[in-house]
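Each chain is listed here by its residues.
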Amino acid sequence: MREALRRRRGIITQRAILIAPLFKPWLQNELHHQYNCLKGAGGYSLTGKVLVTVWLLFALTFLKPRIAGIESWRLLQYLFPHIDLSRPRIGDPLRAVVQLFWLLFIRPYSARRSAKGAASAIRRVNKRSQKLLTLSLGWFKPLLDSGQQANERQTEAVVNADLNNKFAASFWHNMQWRDKLLMLLIVLLSLLCITVPFSLEAQAIFVCALYLMARALQRMPGRFSSMLLIVLSLVVSTRYIWWRTTNTLNWDSTTGLILGLVLLSAELYAWLVLLLGYFQNIWPLQRTPQQLPDDPETWPTIDLFIPTYNEDLDVVKATVYASLGIDWPQHKLNIHILDDGKRDSFRDFAAEVNVNYIRRPHNNHAKAGNINYALTKTNAEYVAIFDCDHIPTRAFFQLTMGWLLKDPQLALVQTPHHFYSPDPFERNLANFRKIPNEGNLFYGLIQDGNDLWGGTFFCGSCAILRRKPLEEVGGIAVETVTEDAHTSLRLHRRGYRSAYLSAPISAGLATETLSAHIGQRIRWARGMAQILRIDNPLTGRGLRWQQRLCYFNAMLHFLSGVPRLIFLTAPLAFLLLHTYIIYAPALVLLMYVVPHMVHAASVNSILQGKYRYSFWGEVYESVLAWYVARPTTVALFAPHKGTFNVTAKGGVIERDYFDWVISKPYITLVLLNVAGVIWGIVRIVSGPSEEISAVIINLTWTFYNMLILGAAAAVGGEAKQVRTAPRVEVSIPVSLILHSGHRIQAKVRDFSFDGLRLEIADCQLLQNQTELNVALRRANEEFIFPLNIVYASNGVVGTRLPPLSIQQTIDYVQCTFAKADTWVNWKEAYDEDVPAISMGQVIGAAGRGYNRLLTNAPKPIPQIYAGVVWMLRGLTTFQPRSVSTTARN
Amino acid sequence: MKIILLHSVSGGSGVTTVTANLSAALQNLGHRCLAIDCAPENVLALHFGVATDTIAGWATSTRASQSWSDSGFEASDGSRVLPFGMLTEAALTQLADTLKKQPDYLAAICQALHGQPLDFLLLDLASPITGCFSNQLCALQKIADFSLLIARADTQTYRLLVSHPLYSQRLMDSKLLLNSVKTENELQKDLLLVMRHEFEHCLAPNVIHYDASVPEAFAHLQALKAYAPESAAALDFHLLALWCTNQLRQATE
């Protein structure tokens with residue numbers, strides 16, 4: 001009562017040190033101050049009061065006012081930062097002892113300083129050795145330069161369209177006898193390099209020499225040096241494979257032999273893919289757009305097909321609106337909605353916006369059949385195909401048609417499929433626009449690489465085809481479930497050419513759920529396996545050997561399921577079954593396998609740097625491995641089985657959940673690997689000592705596999721997705737027009753079909769209005785759209801578009817999704833690959849994966865896991881803390 | 001020192017506002033500016049915060065046979081203005097007569113300023129061609145480095161520019177700047193497109209949008225940049241200033 005009264009009067013007694021009245025007033029003040037300063041976040045407990053009082057009195061009586069530049073009464077706070085003296089906990093004495101021990105005995109002799117010194121010394125040596133290498137290879141430079149120039153001339157020749165045939169035929173014929181002899185010599189030498197057996201020391205020297213050479217070459221810019229790196233990598237890898245085949249099979253044990261052969265065949269597959277991958281990506285063509293004739297009247301007519309089956313009308317609407325605004329003479333562009341779903345709402349919409357609507361009497365052969373039917377109903381010279389969720393930007397035909405007009409033998413121009421919404425991998429791993437996604441490698445690099453060899457293939461959407469050749473091959477192929485690749489294969493067989501323009505000039509929705517994503521990949525994998533059987537690119541007429549290899553590699557890529565599963569389980573054969581599947585001493589094995597992996601990884605990092613980060617390919621493959629393994633195997637043996645499944649897009653995931661059904665195979669693999677690890681540790685402890693090195697190697701492999709599997713499991717945890725209209729993050733300057741006549745600078749942070757999120761300097765500027773107009777620019781023109789303000793705080797304004805007229809909607813799509821430069825800088829935003837950083841990202845993802853796995857597991861596991869985590873957290877509080885060398889305030 | 005001439009197609013185009021704001025924007029870019037008011041309304045000085053009852057100006061000085069150099073003012077941001085001054089009707093007629101005899105009087109003032117620490121000299125010829133000092137224009141145009149013709153995006157302006165011989169000749173040696181454009185207005189938007197197409201070679205790349213902040217800033221006797229830094233018009237003037245400096249640099253090169 002009295003307390004309350006005092007408080008109301010504004011007199012608040014400071015809770016202060018109890019025995020203060022014993023001292024003189026100035027000392028009292030000082031003690032009060034110190035006492036208040038030592039108060040922690042939770043205030044004083046009883047023990048805390050006593051402790052602090054005792055400490056303060058002790059410091060006052062026995063210590064100098066300042067020790068090592070710190071006021072002595074603060075000393076405890078400074079030396080024991082993790083202990084709150086005002087509210088001590090039970091473990092604090094132990095923490096204090098640990099910290100004291102560390103301060104007294106370890107910190108003064110801390111290894112860190114010497115470690116730092118060693119690290120910098122290593123760095124210095126490294127730098128110097130690299131400099132030396134570069135210098136010693138200096139004489140090599142003219143050679144490198146001339147090689148570079150020759151290469152550039154070559155590509156120029158290829159780019160200049162009349163090229164392809166000549167280039168293919170010329171390789172052998174144009175060579176002089178001297179060159180041929182040289183070639184033969186090189187082949188002999190490399191055979192020698194690959195097959196000669198070395199002693200352990202010789203192999204070590206050989207490997208070191210190649211590695212040093214690679215290090216020096218890595219420092220040299222340009223494509224020629226990366227080609228030389230490829231050669232080095234090929235030598236090392238082929239030597240490894242040769243050694244594996246000839247020296248490491250255990251002919252004495254049947255199981256060992258069988259399992260060894262299984263692993264060897266998986267490795268052979270990986271080696272072949274590596275080889276073909278190098279071939280495919282050695283020189284991405286990076287074609288640039290070709291100028292169109294000046295007079296638009298001479299431009300050809302185009303039929304734009306938008307096939308749809310079961311997608312929402314809203315999804316299709318966006319594509320149609322974007323197509324309506326495309327830069328092409330209006331009377332020369334016919335837009336057709338090919339509706340296999342036979343929905344009246346689509347027909348009405350088509351009539352409303354004045355585009356053609358085609359509905360066929362049957363549904364045979366799904367999308368391929370749909371397009372083929374439309375081909376019979378239309379007659380323009382060119383056919384552009386857009387999946388109903390792929391929004392073309394307005395510059396699409398301007399950029400692509402030039403090549404078709406220039407080269408009459410060109411039957412196809414393909415552009416990348418760019419996705420503006422995160423795919424399940426990106427969403428579940430939360431790395432959208434941070435780590436290049438699965439498709440980046442294919443559309444960023446592989447298709448561009450194919451283009452050099454004239455082997456770019458059709459991807460079903462975002463492409464233009466010439467009608468005549470397409471009709472010659474009987475329209476879109478219907479025999480396989482990947483009708484697109486098969487169609488371009490047929491075009492190539494007829495001698496037509498294809499081109500790839502790696503500009504993101506259209507954008508679409510990625511698949512929504514992991515199961516749908518995997519379903520789509522299964523379809524691709526099955527289709528590719530089917531083509532391999534029905535219409536094998538390696539045989540048959542019409543193709544050049546380069547094209548054969550490009551197609552073959554694409555198909556081979558989808559057969560990765562089984563080999564990947566073998567790699568993920570191989571070390572278990574040794575750890576659990578006790579079979580030597582690689583029958584070689586551990587040290588020798590390391591001497592062969594490590595260089596093979598290091599060279600392959602570093603070359604791939606250089607070639608694919610911007611499109612696929614190191615180790616992520618394995619994660620992507622591991623997720624799919626189990627699922628594509630069966631269908632591809634089935635399709636290889638019975639190519640006519642199986643049906644077409646449509647990829648569902650534009651859905652909603654109501655809440656976070658863990659897709660146990662999809663994740664089952666990874667969990668099985670994880671459990672197997674855990675068993676392997678446990679058994680391996682048991683063997684290290686109690687097994688025979690001569691096996692330990694082999695156990696360690698296999699354990700390392702298992703740990704790596706578990707890392708990859710953990711990241712794969714992380715993908716299985718589906719993250720919530722509520723918004724139906726995905727938002728696209730951008731930064732476009734615009735101005736807002738208020739009804740008061742004010743015009744404010746703003747920035748669009750993201751846009752969707754529903755509205756915009758804007759950034760302004762101060763929300764006060766909006767003067768509490770609920771509506772405003774936004775002026776979006778397209779080229780030199782401004783378009784005004786009304787907006788309803790949903791929220792405005794901290795300089796961010798969320799807005800929603802009211803219902804717009806058709807013309808306004810077309811304009812809106814044109815100013816956002818279909819703006820020519822909207823997607824251009826996405827690719828540049830990715831950093832170059834740094835393997836170590838990439839490894840860190842994979843480890844992080846794996847950590848999240850296991851965390852998710854354990855927290856979502858059946859009943860007792862999450863509780864046990866939580867308990868263990870709690871205990872570990874508690875233990876870390878005992879860890880000694882570093883004490884800063886400068887005094888704190 | 002670069003001389004920029006600002007004149008208009010028809011009355012009320014906002015030449016004075018543009019002069020004041022352009023001067024402020026140039027000053028903001030680190031250039032030293034002086035704006036000279038050549039219109040008897042004597043409004044420009046207000047934009048620079050000169051008190052409303054100040055009667056000093058170059059015209060008043062001329063009338064009193066004093067030196068005009070004492071009648072300049074400096075604004076808080078360092079930009080300077082030479083007002084016209086307040087004259088009665090009789091005095092104005094007299095001045096007009098005097099100036100008729102000396103058609104290069106204003107040009108001489110500009111020339112006299114050449115030694116001064118100035119980067120830009122902006123001449124506000126608010127009244128259209130047919131105004132009372134039209135005879136000075138010829139000499140001024142000769143010494144000007146750059147001349148901006150300010151117009152509104154309306155049908156009248158468009159007609160004058162397209163078909164009137166007086167203006168088509170003017171367009172030959174000036175750049176056209178559209179002021180107070182309302183892109184949300186369908187007619188203005190269309191006219192803007194048409195003008196962009198037809199006057200491609202002489203149209204300034206950016207327009208000054210209609211923005212209520214401009215008159216508000218004037219009413220508060222503040223520079224636009226200080227009053228409403230986030231307004232679109234502030235950005236427009238900033239861009240205009242950048243473009244002007246760029247144009248003049250190109251011209252000298």
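Residues numbered from 1 in each chain as written. Chains lettered and ligands numbered in written order. Predicted model: local features only at pLDDT ≥ 70, side-chain atom pairs only at ≥ 80, totals over all residues. Heavy atoms only, no water.

A. Spatial organisation of the overall build of chain A. The secondary structure content of chain A amounts to 30 helices and 19 strands. Across the 889 residues in chain A, those meeting the buried criterion constitute 51%. A separation threshold of at least 6 residues defines the contact pool for chain A, and within that pool the share at least 24 residues apart is 76%. Carbon and sulfur atoms form 62% of the exposed surface of chain A, whose accessible area is close to 43500 Å². (Helix = DSSP H or I, 4+ residues; strand = E, 2+ residues; numbered from the N terminus. Buried < 20%, exposed > 50% of the residue type's maximum accessible area, 1.4 Å probe, protein only. Contact = heavy atoms within 4.5 Å. Areas by Shrake-Rupley, 256 points an atom, 1.4 Å probe, with all protein chains shown as cover.)

B. Just the overall build of chain B, in detail. Of regular secondary structure, chain B possesses twelve helices and seven strands. By the compact-globule yardstick of 18 Å for 253 residues, chain B fits well, its C-alpha radius of gyration being 17 Å. With respect to the three principal axes, the spread of C-alpha positions in chain B is 50 × 40 × 40 Å. A total of 253 residues make up chain B; the buried ones form 52% of that total. Within the structure as shown, chain B displays about 11300 Å² of accessible surface, and the carbon and sulfur contribution to it stands at 53%. The distance from the centre of the 16 positive side-chain charges to the centre of the 24 negative ones in chain B is 5 Å. (Rg over C-alpha atoms; globule rule 2.2 N^0.38 Å. Lys, Arg positive; Asp, Glu negative; His and termini not counted. Charge placed at Lys NZ, Arg CZ, Asp CG, Glu CD.)

C. View of the interface of chain A and chain B. With 15 residues of chain A at the interface, the matching set in chain B holds 17 residues. For the pair chain A and chain B, the two sides together bury roughly 1400 Å², of which 51% comes from carbon and sulfur. Three residues stand out in chain A for area buried against chain B, namely A:His742, A:Arg743 and A:Gln745, and they jointly supply 44% of the buried area on that side. Seen at the junction of chain A and chain B, the total is one salt bridge. Here A:Arg743 makes a salt bridge to B:Glu184, at a shortest N to O gap of 3.9 Å. Joining chain A to chain B, the criterion identifies twelve residue pairs in polar contact (both at pLDDT 80 or more). Of all the elements in the fold, those that place two or more residues in the side of chain A that touches chain B are β14 (728-737), β15 (743-751) and β18 (781-793) of chain A. Here the side of chain A that touches chain B gets four residues from one element, more than from any other, and that element is β18(A). (Buried area = accessible area lost by both parts, 1.4 Å probe. Salt bridge = Lys/Arg side-chain N within 4 Å of Asp/Glu carboxyl O. Polar contact = N/O pair within 3.5 Å; in protein donor to acceptor, adjacent residues only side chain to side chain.)

D. A look at the sheet that holds strand β5 (residues 356-358) of chain A. All names here are of chain A. Reading across the sheet, the seven strands line up as β5-β4-β3-β6-β9-β8-β10 and stay open at both edges, with mixed pairing between neighbours. Looking at which strands have only one partner, the edges of the open sheet turn out to be β5 and β10 (497-500). When strand polarity is set aside, the average angle formed by the axes of neighbouring strands in this sheet is 25 degrees. Across four bridges, strand β6 (residues 382-385) lies against strand β9 (residues 463-466) in antiparallel orientation. Bridge assignment links Ile385 to a residue of β9, and that residue is Ala463. (Pairing = 2+ DSSP bridges. Axes fitted to C-alpha atoms, helices over the stretch in contact; angles between N-to-C directions.)

E. View of the environment of A:Ile667. Residue and element names in this part refer to chain A. Within the secondary structure, Ile667 is located in helix α26 (residues 660-686). By relative accessible area, Ile667 is classed as buried at 16%. Between the C-alpha atoms of Ile667 and Gly710, which are 43 residues apart in sequence, the distance is 9.0 Å. In this structure Ile667 touches Trp660 and Leu853, once residues within four positions along its chain are discounted.

F. Molecular detail of a positive patch on the surface. Taken together, the side chains of A:Arg123, A:Arg124, A:Lys127, A:Arg128, A:Lys131 and A:Arg219 present a region of like positive charge at the surface. Relative accessible area serves as the criterion here: at 49%, A:Arg124 is assigned to the partly exposed category. (Patch = residues over 30% accessible without salt bridge, like charges linked within 9 Å, V, L, I, M, F, W, Y side chains within 5 Å.)

G. Main features of helix α8 (residues 165-172) of chain B. Residue and element names in this part refer to chain B. Turning to α8, its buried residues are Tyr167, Arg170 and Leu171. Taken down its axis, α8 places every buried residue within 100 degrees of arc, on the same side. Of the exposed residues in α8, the ones pointing more than 90 degrees away from its buried face are Pro165, Gln169 and Met172. (Arc of directions from axis to C-beta.)

H. A look at helix α22 (residues 545-557) of chain A. Residues and elements named next belong to chain A. The end-to-end C-alpha separation of α22 is 18 Å, in line with the 18 Å expected for 13 residues at 1.5 Å each. Here α22 lies mainly inside the structure; ten of its 13 residues are buried. Among the residues making up α22, those that are buried are Gln546, Gln547, Arg548, Cys550, Tyr551, Phe552, Asn553, Ala554, Met555 and Leu556. (Expected span 1.5 Å × (residues − 1).)

I. Inspection of the packing of aromatic side chains at higher detail. All names here are of chain A. Overall, the coordinates contain 32 aromatic pairs over all chains when judged by the stated rule. An aromatic cluster is built from Tyr420, Phe432, Phe751, Phe753, Phe817, Trp823 and Trp826, whose rings are joined through pairwise contacts. For Arg343, the ring lying beneath its charged end belongs to Phe346, and the centroid distance is 3.8 Å. (Phe/Tyr/Trp six-rings, centres within 6.5 Å; stacked < 30°, edge-to-face > 60°. Lys NZ or Arg CZ within 6 Å of the ring centre and 35° of its normal.)

J. Inspection of unusual backbone geometry at higher detail. Backbone geometry places A:Phe615, a non-glycine residue, at a positive phi of 75 degrees. The topology assignment puts A:Phe615 in the loop between α24 (586-608) and α25 (616-637). By relative accessible area, A:Phe615 is classed as partly exposed at 23%. The backbone of B:Asn42 sits at a positive phi, close to 60 degrees, despite the residue not being glycine.

K. Quick look at the packing of helix α12 (residues 254-281) of chain A against α22(A). All names here are of chain A. Relative orientation of the contacting elements α12 and α22 amounts to 135 degrees, with a least axis distance of 10 Å. Classified by the angle their axes make, α12 and α22 are oblique. Where α12 crosses over α22, the handedness of that crossing is left-handed. Taking contact as the criterion, the partners of Tyr269, Leu272, Val273, Leu276, Gly277, Phe279 and Gln280 in α12 are, on α22, Trp545, Gln546, Leu549, Cys550, Phe552, Asn553, Leu556 and His557. Of the residues that constitute the contact of α12 with α22, the class distribution is ten nonpolar, five polar and no charged. (Parallel < 35°, antiparallel > 145°, perpendicular 65-115°, else oblique. Left-handed = near helix turned anticlockwise from the far one by under 90°. Nonpolar A, V, L, I, M, F, W, Y, C, P; charged D, E, K, R; others polar.)

L. Seen up close, the packing of helix α13 (residues 313-324) of chain A against helix α14 (residues 344-353) of chain A. Residues and elements named next belong to chain A. Two numbers describe how α13 lies on α14: the axes approach to 11 Å, and their chain directions differ by 20 degrees. With respect to α14, the axis of α13 lies roughly parallel. Here α13 runs over α14; the crossing is right-handed. Residues Leu313, Val316, Lys317, Val320, Tyr321 and Leu324 of α13 form the contact with α14, whose own contacting residues are Ser345, Phe346, Phe349 and Val353. Looking at the contact of α13 with α14, its residues break down into eight nonpolar, one polar and one charged.

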